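# Geometric and topological summary
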Amino acid sequence: MTAQKPLYQQTSTEIINGLNSNVELGLSNQEAQVRLTSYGKNELQATASTTLLQKFFNQFKDFMIAVLIAAAIIAAFTGEAVDAVIIMAVVVLNAVFGVFQEAKAEQAIAALKQMSAPNANVRRDGEVMTIPATELVPGDIVLLEAGDVIPADLRLLESNSLKMEEAALTGESVPVDKIATPIIEDDLPLGDRKNLAFMTANVTYGRGLGIVTGTGMQTEVGNIADMLENTEQTKTPLQVNLAKLGRALTYMILVIAVIVFVVGMFRAPAVEEGNRIVEMLLTAISLAVAAIPEGLPAIVTITLALGTTRLAKRHALMRKLPAVETLGATEIIGSDKTGTLTQNKMTVEKYYVPDTLADAHQPVDGTASILANLLALNNDTKITADGTKLGDPTETALITFNEVQGRDLGALFNSQPRLAEIPFDSERKLMSTAHPLPNGKVILTVKGAPDELLQRVTKWVRDDEVVAMTAADFDRVNTVNAELASQALRVLAFAYREFDELPATLDSTTSEQDLVFVGLVGMIDPERPEVADAVVKAREAGIRPLMITGDHKVTAAAIAHRLGILTDQQGPEAIITGAELDQISDADFNANVGQYSVYARVAPEHKVRIVQAWQKQGKIVAMTGDGVNDAPALKTADIGVAMGITGTEVSKGASDMVLADDNFATIVNAVEEGRKVFANIQKAIQYLLSANLGEVLTLFVMTIMGWNILAPVHILWINLITDTLPAIALGVEPTEPGIMTHKPRGKETSFLAGGLGSAIVYQGILEGGLTLFVYWIGLTYPMHPGYEAIHADALTMAFATLGLIQLFHAFNTKSLYQSIFTVGAFRNKLFNWSILIAAVALAVTILVPDLNGIFHVTELDWHQWLTVLVGAFSIVPIVELIKFVQRRLGKQ
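Conventions and cut-offs
Residues numbered from 1 in each chain as written. Predicted model: local features only at pLDDT ≥ 70, side-chain atom pairs only at ≥ 80, totals over all residues. Heavy atoms only, no water. Helix = DSSP H or I, 4+ residues; strand = E, 2+ residues; numbered from the N terminus. Buried < 20%, exposed > 50% of the residue type's maximum accessible area, 1.4 Å probe, protein only. Contact = heavy atoms within 4.5 Å. Areas by Shrake-Rupley, 256 points an atom, 1.4 Å probe, with all protein chains shown as cover. Core = buried A, V, L, I, M, F, W, Y, C linked by side-chain atoms within 4.5 Å. Salt bridge = Lys/Arg side-chain N within 4 Å of Asp/Glu carboxyl O. 1 Å grid on protein atoms, 1.4 Å probe; cavity = no way out; pocket = protein on both sides within 12 Å on 5 of 7 lines; lining within 4 Å. Points joined across faces, edges and corners; volume = space filled by probe spheres on them. Expected span 1.5 Å × (residues − 1). Axes fitted to C-alpha atoms, helices over the stretch in contact; angles between N-to-C directions. Parallel < 35°, antiparallel > 145°, perpendicular 65-115°, else oblique. Left-handed = near helix turned anticlockwise from the far one by under 90°. Pairing = 2+ DSSP bridges. Polar contact = N/O pair within 3.5 Å; in protein donor to acceptor, adjacent residues only side chain to side chain. pLDDT = per-residue confidence, 0-100. Phe/Tyr/Trp six-rings, centres within 6.5 Å; stacked < 30°, edge-to-face > 60°. Lys NZ or Arg CZ within 6 Å of the ring centre and 35° of its normal.

Attention shifts here to the overall build of the protein chain. A count of helices and strands for the protein chain gives 36 helices and 26 strands. For the protein chain, the proportion of its 892 residues judged to be buried stands at 55%. Within the protein chain, counting contacts between residues at least 6 apart in sequence, those at least 24 apart form 71% of the total. Accessible surface computed for the protein chain: about 36,900 Å², of which carbon and sulfur atoms make up 59%.

As structure tokens, this is what we get:
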């Protein structure tokens, strides 16, 4: 195209000339082949997807995983093969999980391709033919009729009562009346470009003719596909936190290992210089490996996986594991309106007959029964054998109204079949149908836009009598119409005219005059009944809901008020349209994004811009939606939520979570589960890091003091039995009370925030200190004579204490500040069994003589066991006392 004007502003002649085409003949087959070579096939392109092997290796780019691999290599080279195998098993398991989740995420473009029309009816060389839609080229003349899927982007040349359903692309909840004439306005959103047709839209009514203006990636859907391809996947708070934690741990471990090596070189017993270097190097490395919580990635993965299982039972299907935890941090929920907050189903909400405005559920009688008949007769809805209604959503809503009222439509249609009709057209905005009456006369039913129909009315039915309408009567009807429209209801007016016989010529000019007004009907795509409560719960949890829709401003505002997304304190300034948004610079919008709660008439790029503006404020944003137009924003958001029933495959492919029941309220349940998952991961981290800190301090002090230190096999066995089952069991702890009354923790909050870091430090010091105290008692009050026996017993006691103290401390980590007697020490059966199994696995190494040599331990008598048990258990009352003091000082 050479013209600079937008397509919708150009005349048909300008479009045809610009594309060098012909309406009557279409393109020649030869010219079509030339253009096909030039423009390429009419299909969406996707970048080459990565192979499974590439996906697998990509999983190892995570910093924490790299640290674990390094630890495994060091362990292998120093002869600790068991530890190396365990660490690598954890790493590989994580990679397999990651590949499985990532492989699902490449379906968005494929779904867009499936939505495209398989065939198209075109004119070529003067003949109408059916060709594969992939062979369409700019300039092709396409014939359209009801039931067709638009095969490419078109400029309409003819429109005969043409209507199209574009909800998935524009968010418009009702079919759009299409025209063929130019539109003079500038900067129109997609939904208002009524002389254009967009790829993947559906023709619901009428016939038309269009010329192809864009194919493949040059269409509006192609633009969305390109946005999906080029949208960077945001990292979840969990991934960011784990990366930070991994770096911090690595630096600390390296520093401690170096200090231990240097100090040990000076404090170690006199041995050959070469042996001393090797011995201390092995000690430093075993300390470093012991300090790394190698089970953490696996425990996080398992905790998230268990969270997805629980969410699935509550109708929320997670496509990406880390998104479970992200839900709990969500601060903003930007929701599409059509199909998400509303039912995507037009419904009669109110009806008006002279002097009576009633809700749709109120019984119809008198004049209202005449109105109900007109709703059914002036209607093109087809009802299948199984009761399914096929047709325009507005018309099917009128049939549903009659069914809810319990009216016998079969008898009505049999007694008054359609004799003739004057089809709807977008200029006069009316539709009329003729039917026989029992008295032998013919009734012409008329429906249409109130402002157009009232111009043709002279009388109305009042108190079951037909009387002339006065100016005051017209004012009354117009007032009711305005009142209904202000509530965002789509209003239709109904009237009729009786003839002695069917006119020979039935046309608008002669027949649709001198009409008798019967009433008005107000319809809307109603809100889902459970959403208002969900909005209240979201606000209580500190989450701000937004409405982001392609629908009209008035409709969006009305639904937002009804749901509580717009509060009574918010005025018109809280609502903004896509056109108004285009006039605001990024800097101004980012600074003032907090004042807007409703966005209307927005395009896909607007939705992405809104999400990004909130993200620049440091907020974690969830975006819900079901249409093709939602996909880029779903992918850009920290968590994208798609609808499972009404949602397109494209939106599901771009999402992190799919709602199986399309219930907005399910999101609130998912947020609660997300907060629970984060809290449980924190418990596992508190448990693991305090235990590892205790181990590091024990080894460090033993080295500094020049004592015999715990062997690598001691540390590895303790890590194996305490870092697995108990930590996993903490991941399924029940939800702590009041979790949904807390404010979202936010993007910058780390795992160690809220007092967790200090708790890990003091509890790790306690574990190390108590272990060293028991070791000191073993040395000071020996049960066996001889230097070797005394030190062997003391090390065995330290080994048993270090393992058991971690198991007892696991009870403390059930809550950061609450007493274990408040949260329930034994509520979690899996936790109870895990502690028992770990304790037995630790005890058998000492109690079974054949294992003593393997684990470098000795048998202990009852005095020594009592010392171990008292020393290990004492961490529980000490931590309980500290928690009590913290609660008294006002900590939560």
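Here the narrative resumes.
Turning to the nonpolar core, a few remarks are in order. Counting 133 residues, the largest nonpolar core has Phe517 and Leu710 as the members making the most contacts within it. Looking at which element gives the most residues to this core, the answer is helix 27 (residues 664–705), with 16 residues. Setting aside anything within four residues of it in sequence, one finds Phe517 in contact with Tyr352, Leu453, Leu454, Val457, Lys459, Trp460, Val461, Met469, Val477, Ala493, Phe494 and Ala495. Listed in part, the 39 residues of the second largest apolar core include Val628, Leu634, Ala637 and Val658.

Let's shift gears to the pattern of salt bridges. Inspection of the entire model under this criterion finds 30 salt bridges. Notably, a salt bridge pairs Arg314 with Glu672, separated by 3.9 Å at the nearest N-O pair. Residue Arg314 is found in the loop between helix 11 (296–313) and strand 8 (316–318), and its partner Glu672 is found in helix 27; the two are separated by 358 residues along the sequence. In this structure, Arg562 engages Glu349 in a salt bridge whose closest nitrogen and oxygen atoms are separated by 2.9 Å. Highlighted residues: Arg562 in helix 21 (residues 553–563) and Glu349 in strand 10 (residues 347–353), separated in sequence by 213 residues.

This paragraph deals with the layout of surface pockets. In this structure, the second largest pocket occupies an estimated 1,100 Å³ of space. The wall of the second largest pocket is formed by 41 residues, among which Val174, Asp177, Arg490, Val491 and His552 lie closest to the centre. Looking at the lining of the second largest pocket, the elements with two or more residues in it are strand 5 (176–177), helix 15 (393–404), strand 16 (442–448), helix 17 (450–453), helix 18 (471–486), strand 19 (490–499), strand 20 (515–524) and helix 21. Among the elements that line the lining of the second largest pocket, the one with the most residues is strand 19, at three residues.

Below, the discussion takes up helix 24 (residues 604–616). Helix length check: helix 24 (13 residues) gives 19 Å between terminal C-alpha atoms against 18 Å at 1.5 Å per residue, within 8%. Among the residues making up helix 24, those that are buried are Pro604, His606, Lys607, Val608, Arg609, Ile610, Val611, Ala613, Trp614 and Gln615. Positive backbone phi, approximately 85 degrees, marks Gly618, located one or two places after helix 24.

Packed helices, taken two at a time, are described by their axes: the angle between them and the distance between them. Following both chains from N to C, one finds helix 20 (residues 531–540) and helix 27 inclined at 30 degrees, their axes separated by 8 Å at the closest point. Overall, the two elements helix 20 and helix 27 adopt an arrangement that is roughly parallel. For the pair helix 20 and helix 27, the sense of crossing is left-handed. The residues of helix 27 that touch helix 20, namely those facing Val531, Ala534, Val535 and Lys537, are Phe664, Ala665 and Val668.

Moving on: the pairing of strand 10. In terms of residue burial, strand 10 counts as a mostly covered element, since five of its seven residues are buried. When strand 10 meets strand 20, the two strands line up antiparallel, connected through five bridges. Within the sheet, the bridge partner assigned to Tyr351 lies in strand 20 and is Val521. Connecting strand 10 to the next strand, strand 11 (residues 356–359), in antiparallel fashion are two residues, including Asp355 with a positive phi near 75 degrees.

Locating Lys447 in the fold gives a position in strand 16. The exposure class assigned to Lys447 is buried, which follows from its relative accessible area of 8%. Within the structure, Lys447 has its side chain in polar contact with the backbone oxygen of Asn378 (distance 3.1 Å). A distance of 2.5 Å separates a polar atom in the side chain of Lys447 from a polar atom in the side chain of Glu395. Setting aside residues up to four positions removed in sequence, Lys447 forms contacts with Asn378, Asn379, Glu395, Leu398, Lys429, Leu430, Met431, Leu453, Ala493 and Phe494.

Moving on, we come to the sheet that holds strand 24 (residues 621–625). What the eight strands build is an open sheet, ordered 8-26-25-24-9-21-23-22; its pairing is mixed. The open sheet has two edge strands with one neighbour each: strand 8 and strand 22 (575–577). Each strand axis lies, on average, 20 degrees off the axis of its neighbour in the sheet, ignoring direction. By the bridge criterion, three bridges tie strand 22 to strand 23 (residues 598–600) in an arrangement that is parallel. Bridge pairing links Thr577 to Ala600 in strand 23. The strands that helix 21 touches are strand 21 (544–548), strand 22 and strand 23; relative to strand 23, the one it contacts most, it runs at about 155 degrees.

With that settled, the discussion passes to unusual backbone geometry. Positive phi is not limited to glycine here, since Ser161 has a value of about 50 degrees. Tracing the backbone through its elements, the reader meets Ser161 in strand 4 (residues 153–165). With a relative accessible area of 14%, Ser161 lands in the buried category. One non-glycine residue, Asp355, lies in positive phi territory at about 75 degrees. As for its placement among the helices and strands, Asp355 is situated in the loop between strand 10 and strand 11. Classification of Asp355 by relative accessible area gives partly exposed; the value is 44%.

Quick look at the confidence of the model for the protein chain now. Of the residues in the protein chain, 89% have a pLDDT of 70 or more, and the chain-wide mean is 84. Scored below 50 in pLDDT, residues 104–113 shows 25 contacts in the model against residues more than four places distant or in partner chains.

Now for the packing of aromatic side chains. The relative placement of two aromatic rings is captured by the distance of their centres and the angle of their planes. Taken as a whole and judged by the stated rule, the model has nine aromatic pairs. Seen from their ring centres, Phe808 and Phe873 are 5.4 Å apart, and the 85 degrees between their planes marks the pair as edge-to-face. Of this pair, Phe808 sits in helix 31 (residues 787–812) while Phe873 sits in helix 35 (residues 862–873), and the two are 65 residues apart along the sequence. By relative accessible area, Phe808 is classed as partly exposed at 23%. By relative accessible area, which is 43% here, Phe873 ends up partly exposed. For the pair Phe811 and Phe826, a centre-to-centre distance of 5.7 Å together with 65 degrees between the ring planes defines the contact as edge-to-face. Taken as a pair, Phe811 in helix 31 and Phe826 in the loop between helix 32 (820–823) and helix 33 (829–847) lie far apart in primary sequence, 15 residues in all. For Phe811, a relative accessible area of 13% corresponds to the buried category. An aromatic cluster is built from Phe589, Tyr596 and Tyr599, whose rings are joined through pairwise contacts. The aromatic ring of Phe424 is capped on one face by Lys163, whose charged end is 4.8 Å from the ring centroid.

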